[in-house]
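This is what each chain is made of:
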Amino acid sequence: WDLQKFSTVDCRIGSAMQSVGEVMAIGRTFEETIQKALRMVDESSLGFDPIRFDLELNRRNVPNTGASLEAELKKELANPTPVRVWAI
């Protein structure tokens, strides 16, 4: 979901959040299906691409090495946000 274009939106996804978009992907495996779905969400995405999370860290002005990276990864994996899938 591209919630960055809405400046006042809370990016944490909760149980009260309505659908902001969906994709349909068909593949031979779960991995292939997720890759296709990620490419549908953002046409510039190659699927599970580590560069996407690095770009998000740069946008937040967070160093993408060492303890800062580990802390951001743990924070992102613990909170349901649109960026979490890129932290996997």
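Everything numeric in this text was worked out from a predicted model, so none of it was measured.

Comments concerning the pattern of salt bridges
Inspection of every chain in the model, using the stated rule, returns eight salt bridges. One salt bridge in this structure joins Glu32 and Lys36, with 3.6 Å as the shortest N-O distance. Of this pair, Glu32 and Lys36 both sit in helix α1 (residues 30-41), four residues apart, which is roughly one turn of that helix. Judged by its relative accessible area of 22%, Glu32 falls in the partly exposed class.

Focus: helix α2 (residues 50-59)
Considered for burial, the residues of α2 that qualify are Phe53, Glu56 and Leu57. The arc enclosing the buried residues of α2, seen along the axis, measures out at 100 degrees, which places them on a common side. Positioned one or two residues after α2, Asn61 has a phi angle of 60 degrees, which is positive.

Observations regarding the packing of aromatic side chains
Within this structure, the stated rule accounts for zero aromatic pairs. For the cation-ring pair, Arg52 lies above Trp86, with the distance from its terminal atom to the ring centre recorded as 4.6 Å.

Conventions adopted
- Residues numbered from 1 in each chain as written.
- Predicted model: local features only at pLDDT ≥ 70, side-chain atom pairs only at ≥ 80, totals over all residues.
- Heavy atoms only, no water.
- Salt bridge = Lys/Arg side-chain N within 4 Å of Asp/Glu carboxyl O.
- Helix = DSSP H or I, 4+ residues; strand = E, 2+ residues; numbered from the N terminus.
- Buried < 20%, exposed > 50% of the residue type's maximum accessible area, 1.4 Å probe, protein only.
- Arc of directions from axis to C-beta.
- Phe/Tyr/Trp six-rings, centres within 6.5 Å; stacked < 30°, edge-to-face > 60°.
- Lys NZ or Arg CZ within 6 Å of the ring centre and 35° of its normal.

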